[in-house]
Amino acid sequence: MSERPLSALRNFLKGEAGSGILLMISAAVAMIMANLPGAAGHVYHDMFHAVTGPVLAPALGPMTVHLWVNDGLMAIFFLLVGLEIKREFVDGGLSTWERRRLPFIAAGAGMIAPALVYLAITTGEPALARGWAIPAATDIAFAIGVLALLGSRAPASIKLFLTAVAIVDDMGAVAIIALAYSQGLDVMALSGAFAALLFMFGMNRVGVRALAPYLIGFLLLWYLMLLSGVHATIAGVLAAITIPVNRTPGAPDAADSPLHRLEHLIHPWSAYLIVPLFGFANAGITLNGAAIGALLSPLPIGVALGLLLGKQLGVFGSIWLAQKLGIAARPSGASWVQIYGMALLCGIGFTMSLFIGALAFPGQPLLVEEAKIGILSGSLLSALCGYAVLRFASSPRSVAPVAG
């Protein structure tokens, strides 16, 4: 009898650790290439802004390498995010309200607090208000990569809880992108996208199990969303909702489940190619005098402190308050110091924050660069502080179990 595949969550945790480390390397290489002296320094920027395709959407203009990565390949990343969300809600760690309660509370507070910190710092600059969501997201790949470096010093309950928070966090980020950063909606294209989505739901209802029809539907949905004015990557999450899934509570993923098969199929491509490539394409910042001078301007400070301070206040504070009020117990097997270290790691907002930063200030490259400075500095400080806290923290002798 052939061995059944590992659960998607185990693969996710293992794969994201390697992906997170690769993402760190990709970001570092991007920074080095963007700051090479002379003509060599222009190679990085010219490479991603080279025109490589036709005009797929009038609002975007001719396709470039950068657009293919951000609007094309990242749709596959969002497809994986959607599959993971659906799987966790059907029979995973978020399948019951008892299991959802604390991750939802922590993720919600962990998105609101950074936005409030950002808005408080940029209050005198109305033009910067659109960037409120930049520090609201957590990069699960980067955070799990840091936890991987800690080995056994990071309890399994911390890794699982951080993953659950990040999944809920992704749901919030997707909603923000769809609602706050959609522009110039094309009603005809949006209607076509809705019809394509209904057709995919219809395939699910009549029992279509082959993946090919859903993938064709995903491509059509992606193109129609590209034309509609809603960011095309949202097509990935919407398509994922229509993929059939076999319930396997408490057991490894079903080998004949379409959702599980698709998840295992695209996860390595997302973890080891798409996400690192996105980081490489978006992390390169030219550290000239203007960039260094911008470090103390409201935008990068608001983003950096939103990630470093807002995330830890929101996540840790909500967990502490939830236990204090008897709403939910903290993760089992973890001390308060370790939970605080995990809350610090939630301030690593690399991938999704870079993505939202580009959407927040379209046609304003200087503001996008300032946002990148804040994202990189806030994420780096959160990673270093979280690593230090968890590195020297000790596990509790006994703690209350997680509710549910």
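Given the structure is predicted, the values throughout are model-derived calculations rather than measurements. Per chain, residues are indexed from 1 in the order of the written sequence. Restriction of local features to residues with pLDDT of at least 70 applies here, the model being predicted, together with a cutoff of 80 or more for giving and counting side-chain atom pairs; totals for whole chains, interfaces and linings are based on all residues. Side-chain figures throughout are based on the complete set of non-hydrogen atoms in the structure, without hydrogens or water.

1. A closer look at the overall build of the protein chain
- The number of helices and strands found in the protein chain is 15 helices and two strands.
- Projected onto its principal axes, the C-alpha coordinates of the protein chain cover approximately 60 × 55 × 40 Å.
- The buried label goes to any residue with under 20% of its type's maximum accessible area, the exposed label to any with over 50%, and the partly exposed label to all in between, with areas taken from a 1.4 Å probe on protein chains only. Classification of the 404 residues of the protein chain by burial places 53% in the buried group.
- Contacts were defined at the residue level, with two residues in contact if any of their heavy atoms lie within 4.5 Å. For the protein chain, the share of sequence-separated contacts (at least 6 apart) that also reach a separation of at least 24 residues comes to 80%.
- Looking at the protein chain as shown, the accessible area adds up to about 17000 Å², and 71% of this sits on carbon and sulfur atoms. Numbering goes from the N terminus for both helices and strands, where a helix is a DSSP run of H or I of at least four residues and a strand is a run of E of at least two. Note on areas: Shrake-Rupley with a 1.4 Å probe; residue coverage comes only from the protein chains shown.

2. Topic: helix α5 (residues 140-150)
- Counting buried positions along α5 gives nine out of eleven residues, so the element sits mostly inside the fold.
- Of the residues making up α5, those classed as buried are Ile 140, Ala 141, Phe 142, Ala 143, Ile 144, Gly 145, Val 146, Leu 147 and Leu 150.
- Capping of α5 at its N-terminal end is provided by Asp 139; its side-chain oxygen lies 2.9 Å from the backbone amide nitrogen of Phe 142.
- Of the residues trailing α5, Gly 151 is marked for its positive phi of about 60 degrees. Under this definition, polar contacts are N or O atom pairs within 3.5 Å; protein pairs additionally need one hydrogen-donor-capable and one acceptor-capable atom, and for neighbouring residues in sequence, both atoms have to be side-chain atoms.

3. Quick notes on a nonpolar patch on the surface
- Two joining distances apply to patches: 9 Å for like charges and 5 Å for nonpolar side chains (Val, Leu, Ile, Met, Phe, Trp, Tyr), and every residue must have over 30% relative accessible area and no salt bridge. When a carboxyl oxygen of Asp or Glu lies within 4 Å of a side-chain nitrogen of Lys or Arg, that pair is called a salt bridge. Taken together, the side chains of Ile 21, Ile 25, Val 29, Leu 149 and Tyr 387 make up a nonpolar region of the molecular surface, amounting to roughly 400 Å² of accessible area.
- Looking at the nonpolar patch element by element, the count peaks at three residues for helix α1 (residues 8-34).
- In this fold, Ile 25 is placed in helix α1.

4. Brief notes about the nonpolar core
- Grouping buried Ala, Val, Leu, Ile, Met, Phe, Trp, Tyr and Cys residues that are joined through side-chain atoms within 4.5 Å yields what is termed a nonpolar core. If you look at the biggest cluster of nonpolar residues, it comprises 116 residues, and the most contacted ones within it are Phe 78 and Leu 147.
- With residues near it in sequence (within four places) discarded, Phe 78 still touches Val 174, Ile 177, Thr 233, Gly 236, Val 237, Met 352 and Phe 355.

5. Thoughts on the environment of Ala 283
- Along the chain, the position of Ala 283 falls in the loop between α10 (258-282) and α11 (289-293).
- Ala 283 has contacts with Ala 27, Ala 30, Met 31, Tyr 44, Phe 350 and Leu 376, leaving out every residue within four places of it along the chain.

6. Some points on the packing of aromatic side chains
- Pairing of aromatic side chains requires ring centres within 6.5 Å, counting the rings of Phe and Tyr and the six-membered ring of Trp. Pairs whose planes differ by under 30 degrees are stacked, by over 60 edge-to-face, and all others tilted. Taken as a whole, this structure holds ten aromatic pairs when the rule is applied.
- Centre to centre, the rings of Phe 89 and Phe 104 are 6.1 Å apart; their planes meet at 90 degrees, and the pair counts as edge-to-face. Of this pair, Phe 89 sits in helix α3 (residues 65-91) while Phe 104 sits in helix α4 (residues 97-121), and the two are 15 residues apart along the sequence.
- Look at Phe 278 and Phe 355: their rings are 6.1 Å apart centre to centre, the planes differ by 50 degrees, and that puts the pair in the tilted class. Taken together, the positions of Phe 278 in helix α10 and Phe 355 in helix α14 (residues 350-360) put the pair 77 residues apart, joining distant regions of the chain.
- The class of Phe 355 is buried, set by a relative accessible area of 3%.

7. Side note on the pattern of salt bridges
- Taken as a whole, this structure holds five salt bridges when the rule is applied.
- Its salt-bridge partner being Glu 84, residue Arg 87 comes within 3.7 Å of it at the nearest N-O pair. Here Arg 87 pairs with Glu 84, and both are found in helix α3, just three residues apart, close to one helical turn.
- Classification of Arg 87 by relative accessible area gives buried; the value is 5%.
- Where Glu 88 meets Arg 87, a salt bridge forms, and the shortest distance between an N and an O atom there is 2.4 Å.
- According to the relative accessible area criterion, Glu 88 is buried, its value standing at 4%.

8. Thoughts on the state of the cysteines
- Two cysteine sulfurs form a disulfide in these notes if their separation is within 2.5 Å. What the rule picks out here adds up to zero disulfides.
- Unpaired in terms of disulfides, Cys 346 finds its nearest cysteine sulfur in Cys 385, a separation of 14 Å.
- Its relative accessible area of 32% is what places Cys 385 among the partly exposed residues.

9. Focus: the packing of α5 against helix α15 (residues 365-392)
- Between α5 and α15, whose axes approach to 10 Å, the crossing angle comes to 35 degrees. In this structure, α5 meets α15 at a crossing whose hand is right-handed. Residues Val 146, Leu 147, Leu 149 and Leu 150 of α5 lie in contact with α15, whose contacting residues are Ala 383, Tyr 387, Leu 390 and Arg 391.
- In the scheme used here, Gly and all other residues not listed as nonpolar or charged are polar, with Ala, Val, Leu, Ile, Met, Phe, Trp, Tyr, Cys and Pro taken as nonpolar and Asp, Glu, Lys and Arg as charged. Residues of the contact of α5 with α15, tallied by class, amount to seven nonpolar, no polar and one charged. Only the stretch in contact is used when fitting a helix axis, every axis being a line fitted to C-alpha atoms; angles between N-to-C directions are given from 0 to 180 degrees. By definition, turning the near helix anticlockwise from the far helix through less than a right angle yields a left-handed crossing, and turning it clockwise yields a right-handed one.

10. What to know about the packing of helix α13 (residues 336-345) against α15
- Where α13 meets α15, the closest approach of the two axes is 8 Å, and the angle between their N-to-C directions is 165 degrees. It follows that α13 is roughly antiparallel to α15 by the angle criterion. Relative to α15, the crossing made by α13 is left-handed. Contacts from Val 337, Gln 338, Tyr 340, Gly 341, Met 342, Leu 344 and Leu 345 in α13 reach Ser 382, Ala 383, Cys 385, Gly 386, Tyr 387, Val 389 and Leu 390 in α15. Convention used here: angles under 35 degrees read as roughly parallel, angles over 145 as roughly antiparallel, angles from 65 to 115 as roughly perpendicular, and any remaining angle as oblique.

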